[in-house]
Amino acid sequence: MEIIRSNFKSNLHKVYQAIEEADFFAIDGEFSGISDGPSVTALTNGFDTPEERYQKLKKHSMDFLLFQFGLCTFKYDYTDSKYITKSFNFYVFPKPFNRSSPDVKFVCQSSSIDFLASQGFDFNKVFRNGIPYLNQEEERQLREQYDEKRLQSNGAGALSYTSPNTSKCPVTIPDDQKKFIDQVVEKIEDLLQSEENKNLDLEPCTGFQRKLIYQTLSWKYPKGIHVETLETEKKERYIVISKVDEEERKRREQQKHAKEQEELNDAVGFSRVIHAIANSGKLVIGHNMLLDVMHTVHQFYCPLPADLNEFKEMTTCVFPRLLDTKLMASTQPFKDIINNTSLAELEKRLKETPFNPPKVESAEGFPSYDTASEQLHEAGYDAYITGLCFISMANYLGSFLSPPKSHVSARSKLIEPFFNKLFLMRVMDIPYLNLEGPDCNIQISWIDDTSAFVSLSQPEQVPIAVNTSKYAESYRIQTYADYVGKKREEKQMKRKWTEDSWKEVEPKRLNTQCVSYGLQNHHYHANRWDCYKSGCCEHFCKKNFCGLTATSTVGKRNLSPSRAEAGLEARVSGEISDTELEQTDPCAEPLSEGRKKAKKLKRMKKDLSPTGSISDSSAKLFEVPDTW
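A. Representation of the overall build of the protein within the structure. Per the secondary structure count, the protein includes 22 helices and 16 strands. By residue count, 46% of the 628 residues in the protein fall in the buried class. Carbon and sulfur atoms make up 50% of the accessible area of the protein, which totals about 32,600 Å².

Rendered as structure tokens:
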């Protein structure tokens with residue numbers, strides 16, 4: 001159901017009813033942009049701690065506007081074993097309520113606007129017919145303003161509004177306004193003496209002139225008239241003066257108060273829906289929902305706090321139970337059977353074995369979605385398929401029970417491990433923000449199957465990691481500074497050789513190193529596990545053990561030496577004859593050139609010995625510095 005400003009009030013009771021009846025909700029938001037500075041890749045760096053990710057999003061994403069909010073409620077019908085859904089698509093815009101209400105400023109990102117336009121998004125429904133809203137602080141301030149005006153009105157007798165500067169004595173009127181005020185007083189005298197006319201509409205005037213009128217009339221006519229400011233269709237403000245008795249004045253004051261309350265509720269607008277969701281305490285589902293939650297809290301409750309722990313407390317007060325389907329799909333037992341966790345691909349995968357798509361039906365009077373047509377990036381539709389994904393995965397968990405259960409409710413203990421953990425993009429091993437407690441202080445970013453950067457948020461934990469790895473035989477720890485230093489040395493060493501000499505020498509060096517590794521260590525060092533965290537990092541290196549039967553190739557070095565390599569290894573510490581060089585190197589040049597190459601190879605071995613000599617490579621592979 002599409003909800004805009006013109007039909008919001010008439011359909012609000014349907015929204016409240018759907019929230020009250022639902023077992024759980026699914027939500028989704030569309031924004032005017034994602035990042036006002038860094039690229040999305042930089043904004044979601046794999047090395048980010050939860051604190052760093054929160055600060056980045058708070059700084060670079062909160063000036064954008066959440067202008068479409070999707071809500072889909074799900075209620076399980078036990079009689080027919082199906083879910084009844086009610087979908088709502090709200091268009092939201094912070095239209096100023098009056099001149100004293102907040103005038104919100106927001107930014108747009110051209111790529112985001114262009115993308116939404118390509119998906120058929122109707123921006124006129126946002127900017128012309130968007131539902132207004134106020135956060136809690138703005139609502140409190142506006143209600144205080146109305147209460148103050150009403151108190152002033154009661155204290156001023158017949159006046160429905162009195163300026164804070166109202167006095168009971170003649171006011172000082174500037175000379176250039178005396179003629180204007182005299183004309184107003186003269187018109188009011190005529191009104192009071194007339195038996196036919198009951199009301200007097202003054203011409204539109206400035207705010208300062210209206211203030212002078214209110215102050216003058218409160219002193220000159222404390223009873224017998226009712227004064228009210230109205231607005232024309234052209235937004236021009238004018239004053240209406242009416243002759244009333246005391247009973248009529250009280251009745252009009254009550255009407256005015258009821259109208260003010262209605263206007264206040266209209267100004268709070270869409271925030272009333274968020275308050276109803278929060279007050280229900282029911283499970284709220286989202287997909288990759290960190291930004292959705294941050295924008296919802298920021299726009300409809302209060303500005304985000306500077307501290308991550310305060311944000312966690314605030315979020316759990318607003319939404320006691322959250323579940324992120326992207327995190328759920330990225331966690332066991334789903335991780336091994338779901339390859340792509342984007343919302344569209346996840347919805348398709350969950351229709352296949354071993355999952356069973358749920359039986360779903362739209363409630364009467366609510367339009368139904370066809371997943372085959374894929375109305376992606378309409379917030380209501382995205383919320384709908386997010387709920388479907390949750391149901392399929394929750395029911396799959398029920399298949400592990402004995403006996404198996406085909407339906408797992410939103411209150412089941414099976415899904416509690418996924419509560420209040422929000423997915424963090426591009427963080428591989430610990431990809432979530434824990435809203436209910438401290439976050440894990442280790443971040444791992446995999447480079448390949450055997451290498452990764454590992455960061456520790458607490459420097460005092462580094463010695464513990466080092467001590468536990470000193471006697472390990474399957475990995476190595478190294479500081480990031482040492483890792484960078486060795487990389488720099490390798491680059492400097494390569495610069496010493498010309499391109500031609502490198503091409504000639506490198507195959508011999510590779511074969512020599514490979515043989516040495518095979519003879520001395522009987523293992524193959526596949527890769528490094530590098531870790532970094534601002535001075536308190538480790539460098540892990542894993543080994544893969546393998547036999548000595550494979551053949552040597554350029555792409556993958558094996559440990560079984562050929563006869564040529566064995567002959568070269570046997571003479572590694574002595575002179576290499578011209579004849580032997582020709583025998584060991586199939587690409588050897590004539591004899592005179594061979595002598596030159598042998599001498600170059602010998603000098604190269606001496607140059608290599610300080611940082612990566614073949615004779616002590618085994619010791620250096622497991623060496624761990626005493627200090628970091």
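B. Looking closely at the confidence of the model for the protein. Per-residue confidence for the protein averages 76 on the pLDDT scale, and 72% of its residues sit at or above 70. Mean pLDDT values over the elements of the protein span from 33, in helix H22 (residues 617-621), up to 98, in strand S8 (residues 283-286). For the stretch residues 512-594, pLDDT sits under 50, and the model shows 181 contacts to residues farther than four places along the chain or on other chains. Contacts for the low-pLDDT stretch residues 608-628, under 50 throughout, to residues beyond four places or in other chains number 38 contacts.

C. Molecular detail of the packing of helix H1 (residues 5-21) against helix H10 (residues 271-280). Relative orientation of the contacting elements H1 and H10 amounts to 10°, with a least axis distance of 10 Å. What the angle tells us is that H1 and H10 run roughly parallel. Crossing hand, H1 versus H10: right-handed. Of the residues in H10, those in contact with Phe-8, Leu-12, Val-15, Tyr-16 and Ile-19 of H1 are Arg-272, Val-273, Ala-276, Ile-277 and Ser-280.

D. Quick peek at a positive patch on the surface. Taken together, the side chains of Lys-487, Arg-488, Lys-491, Lys-494 and Arg-495 define a basic patch exposed on the protein surface. Within the secondary structure, Arg-488 is located in helix H17 (residues 480-495).

E. Region of interest: helix H15 (residues 379-398). The end-to-end C-alpha separation of H15 is 29 Å, in line with the 28 Å expected for 20 residues at 1.5 Å each. Of all 20 residues that make up H15, 20 are buried, and the element is covered over most of its length.

F. Region of the structure containing the pattern of salt bridges. Enumeration according to the criterion identifies 20 salt bridges in this entry. Note that Glu-361 and Lys-82 form a salt bridge whose closest N and O atoms lie 2.7 Å from each other. Highlighted residues: Glu-361 in strand S10 (residues 360-362) and Lys-82 in strand S4 (residues 82-91), separated in sequence by 279 residues. Among the residues examined, Lys-82 registers a relative accessible area of 10% and is labelled buried. The partner of Glu-144 in a salt bridge is Arg-140, and the shortest N-O contact between them spans 2.6 Å. A residue pair is termed a helical-turn pair when its members lie 3 or 4 positions apart in one helix, as Glu-144 and Arg-140 do in helix H6 (residues 136-155) at four residues.

G. Fine view of the pairing of strand S2 (residues 24-31). Counted residue by residue, S2 has eight buried out of eight residues, so it is predominantly covered. Here S2 shows no split at all, with Phe-24, Ala-26, Asp-28 and Glu-30 on one side and Phe-25, Ile-27, Gly-29 and Phe-31 on the other all buried. Bridge analysis of S2 against S8 gives three bridges, and the strand direction is parallel. The residue bridging Ala-26 from the neighbouring strand is Ile-285, located in S8.

H. Molecular detail of unusual backbone geometry. Of note, the bond from Gln-332 into Pro-333 is cis; its omega dihedral lies within 30 degrees of zero at 10°. For Pro-333, the position within the fold is in the loop between helix H13 (325-329) and helix H14 (343-349). Omega for the bond connecting Thr-353 with Pro-354 falls within 30 degrees of zero, at 10°, which places this linkage in the cis form. In this fold, Pro-354 is placed in the loop between H14 and S10. The backbone of Ser-81 sits at a positive phi, close to 50°, despite the residue not being glycine. When you line up the elements, Ser-81 lands in the loop between strand S3 (66-77) and S4. Non-glycine residue Lys-235 carries a positive phi angle of around 70°.

The rules behind each value
- Residues numbered from 1 in each chain as written.
- Predicted model: local features only at pLDDT ≥ 70, side-chain atom pairs only at ≥ 80, totals over all residues.
- Heavy atoms only, no water.
- Helix = DSSP H or I, 4+ residues; strand = E, 2+ residues; numbered from the N terminus.
- Buried < 20%, exposed > 50% of the residue type's maximum accessible area, 1.4 Å probe, protein only.
- Areas by Shrake-Rupley, 256 points an atom, 1.4 Å probe, with all protein chains shown as cover.
- pLDDT = per-residue confidence, 0-100.
- Contact = heavy atoms within 4.5 Å.
- Axes fitted to C-alpha atoms, helices over the stretch in contact; angles between N-to-C directions.
- Parallel < 35°, antiparallel > 145°, perpendicular 65-115°, else oblique.
- Left-handed = near helix turned anticlockwise from the far one by under 90°.
- Patch = residues over 30% accessible without salt bridge, like charges linked within 9 Å, V, L, I, M, F, W, Y side chains within 5 Å.
- Salt bridge = Lys/Arg side-chain N within 4 Å of Asp/Glu carboxyl O.
- Lys, Arg positive; Asp, Glu negative; His and termini not counted.
- Charge placed at Lys NZ, Arg CZ, Asp CG, Glu CD.
- Expected span 1.5 Å × (residues − 1).
- Pairing = 2+ DSSP bridges.

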